[in-house]
Amino acid sequence: MIFHPLDASTHVLPERMNNPFYYKPDALCRAAASEVQRKIVASAPEFKAEIDQGKMFGVLIVKKGRDIGYLSGYSGQINGRSDWPGFVPAVFDYLQPNGYFKQHEAMISALNERINALENSRELEVARQQWHDEVDEAEREIEAFKVEIKREKEGRPQVLTPEMIRRSQFLKAELHRKKKQFAQQIAAKSAMVEAIEADINALKTERHQRSDALQRWLFSHFLMFDDKGNQKNLLDIFYPMVPPAGSGECCEPKLLQYAFRHQMQPISMAMFWWGASPREEIRHHLQYYPACNGKCKPILRWMLHGIEVETNPLEQETHQTLEWIYEDNDIAVVCKPAGMLSVPGKNQRESVRSLVLHRHPEATGPLIVHRLDMATSGLLVVALNVESYVNLQQQFKQHHVEKQYVALLSVPHKGAKHGQICLPLRPDLTDRPRQIVDKVHGKEAVTDYQFMDDCRVKLYPRTGRTHQLRMHCAHAEGLNNPIRGDELYGTGAQRLFLHAEELAFDHPKTGKRLHFECQAPF
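Quick notes on the rules
- Residues numbered from 1 in each chain as written.
- Predicted model: local features only at pLDDT ≥ 70, side-chain atom pairs only at ≥ 80, totals over all residues.
- Heavy atoms only, no water.
- Axes fitted to C-alpha atoms, helices over the stretch in contact; angles between N-to-C directions.
- Helix = DSSP H or I, 4+ residues; strand = E, 2+ residues; numbered from the N terminus.
- Parallel < 35°, antiparallel > 145°, perpendicular 65-115°, else oblique.
- Left-handed = near helix turned anticlockwise from the far one by under 90°.
- Contact = heavy atoms within 4.5 Å.
- Nonpolar A, V, L, I, M, F, W, Y, C, P; charged D, E, K, R; others polar.
- Pairing = 2+ DSSP bridges.
- Disulfide = S-S within 2.5 Å.
- Buried < 20%, exposed > 50% of the residue type's maximum accessible area, 1.4 Å probe, protein only.
- UniProt positions renumbered as here; feature names shortened; annotations may be inferred.

The name that an unreviewed UniProt entry assigns to the protein chain is Pseudouridine synthase, RluA family, with the source organism given as Segatella salivae DSM 15606.

In structure tokens, the structure reads:
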């Protein structure tokens, strides 16, 4: 059974569906999720063994006729299956053993094997070694011959005899001949290497073409429904962009697809993580998470375009004020409230930059030297002219600016009371603005910390990466303790309890060291 009845007699159903990208699970979603979690605990060993390594699950509260119930689903596959009992199936099941996808996937795998075999072949190894040996031998012999020519030349008298001239001409011709001979030998050895590498490159080109064609075939067969029964494939939904790999396989589109295909009305939905956290991302067991932006946002916009959905409060216009800490002709220092953007976004929300320009219409240049996340409150220095902007930018680049933050963490801290966190970060390309830890391609990110009590910690960023403090607190290799109210990496609350409390820098015109404080409102 895929439709699971729920007792909703004591609940008032929402007038609008919740926003998959910004929500707090309602009581019905929590009840459905708890039921799914109990079933997971009692599931088959092979099922549970894989999901314990980490898997996203989701529930969708639906109305079927007069009945209220829920659908449950999971992202991707579990043990290579998209049809586990009790869960909604895949939008498009491309995993049939003898189906088109598997057949062409096998062709690509065979190409991979041929490429790996050639790249690691004894033939290529020997050819490359012979080529390098030929180059080394040529360099040694030619250098030795040049030394011989030089020695003869140094031993000649100032007045050369005809015999000496002929000898000199012979040596030059011989050097030219040796260079030509070695060049031919090197070219022959190089050609052997190039022939094998040409075969490898041809196979890689074929692999790329086959992979691209198979991916497009796959996306063309993901036909997504809306609530009126209209269909659109992923290529059309994402056009002119190419859909990211795995699009259409997350919980949210799978749940909505099943509901629309079976004439069920979606009411609310929630997604939770089960199992171990990935090494790169931040995912906590049983924590609820919003839909991803890269894969899901275009799809869900299409699927839900005819349904009234709650607005995202982050996209609503607000009216807040700045606290002005210091001002002169060159700079201003302000205390930004939580919920205000540092620079203008896509909507009409006010920002630090727009409010500074309103107060200082004479200001020139970019103004905003550094930023705080919208959810973070605290001190910012703003440049009121280009010269000050350039000077302050240089101070930040040279780590001459000192910043101190204060944060409240989600649970009492049990580890070291002070220390340093070094976890390189980069954007999650399929789910911006989230960041991930990447020890190969990430940028250096360093934070010192000092606990004031079990939950209150002072943070000293030595670098300025996006979401650095939030990631370093939440990640398992950092403090493993999300900042309270962190909706991206922890659990939401009335606000994000992170505040830029102190800021010190040199005045861009006078050179005087300035220090500012703005006490945290928590």
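Asks: Give me the lowdown on the packing of helix H3 (residues 100-119) against helix H5 (residues 162-221), citing residues and values where you can.
Replies: Here H3 crosses H5 at 160°, and the two axes come no closer than 10 Å. As the angle between them shows, H3 and H5 are arranged roughly antiparallel. With respect to the hand of their crossing, H3 and H5 are arranged in left-handed fashion. Packed against H3, whose contacting residues are Tyr 100, Phe 101, His 104, Glu 105, Met 107, Ile 108, Leu 111, Asn 112, Arg 114, Ile 115, Leu 118 and Glu 119, the element H5 presents Ile 196, Asp 199, Ile 200, Leu 203, Lys 204, Glu 206, Arg 207, Arg 210, Ser 211, Leu 214, Trp 217 and Leu 218 at the interface. Of the residues in the contact of H3 with H5, the class split is 13 nonpolar, 3 polar and 8 charged.

Asks: Go over the sheet that holds strand E2 (residues 55-64), please, and point to the residues and values.
Replies: To summarise the sheet geometry, strands pair through backbone hydrogen bonds and adopt either a parallel or an antiparallel arrangement. Ordered by their spatial adjacency, 5 strands build an open sheet running E1-E3-E2-E6-E7, and the pairing between neighbours is antiparallel. In this open sheet, the two strands that pair with only one neighbour each are strand E1 (4-5) and strand E7 (288-289). Bridge count between strand E6 (residues 265-274) and E7: 2 bridges; the pairing is antiparallel. By the bridge assignment for E7, Met 271 is matched with Tyr 289.

Asks: An account of the state of the cysteines is needed here, citing residue identities and associated values.
Replies: Inspection of the entire model under this criterion finds 1 disulfide. Covalent S-S linkage joins Cys 335 and Cys 518, the inter-sulfur distance amounting to 2.4 Å. Where Cys 335 bonds to Cys 518 through sulfur, the torsion about that S-S bond is close to -80°, and the disulfide is left-handed. Of this pair, Cys 335 sits in strand E9 (residues 331-336) while Cys 518 sits in the segment after strand E18 (513-517), placing them 183 residues apart in sequence. Residue classification places Cys 335 among the buried residues on the basis of a relative accessible area of 8%. A relative accessible area of 6% means that Cys 518 is categorised as buried. Left unpaired, Cys 292 is separated from the closest cysteine sulfur, that of Cys 296, by 3.6 Å. Distance from the sulfur of Cys 422, which forms no disulfide, to the nearest cysteine sulfur (Cys 473) is 14 Å.

Asks: So what about unusual backbone geometry? Which residues, and what values?
Replies: Residue Pro 240 is bonded to the preceding Tyr 239 through a cis peptide linkage, with omega at 5°. Along the polypeptide, Pro 240 turns up in the loop between helix H6 (234-238) and helix H7 (251-261). Following Arg 432, the chain continues to Pro 433 via a peptide bond in cis, the omega torsion being 10°. When you line up the elements, Pro 433 lands in the loop between strand E13 (425-427) and strand E14 (435-437). If you check the backbone angles, Asn 480 has positive phi at about 55° while not being a glycine. For Asn 480, a relative accessible area of 45% translates into the label partly exposed.

Asks: Tell me about the UniProt feature "coiled-coil region" (unreviewed entry) in the protein chain, and name the residues and values.
Replies: Under the UniProt annotation, "coiled-coil region" (unreviewed entry) lies at residues 101-155. Along residues 101-155 one finds 95% helix and 0% strand; the C-alpha atoms at either end are 77 Å apart.

Asks: How would you explain H7 if you had to name every residue and give the values?
Replies: In an α-helix there are 3.6 residues to a turn, and that puts residues three or four apart on one side. Counting buried positions over the 11 residues of H7 gives 10, a clear majority of the element. Considered for burial, the residues of H7 that qualify are Cys 251, Glu 252, Pro 253, Lys 254, Leu 255, Leu 256, Gln 257, Tyr 258, Ala 259 and Phe 260. Among the structural elements, E2, strand E3 (67-74), strand E4 (223-225), E6 and helix H8 (293-303) are those in contact with the buried residues of H7.

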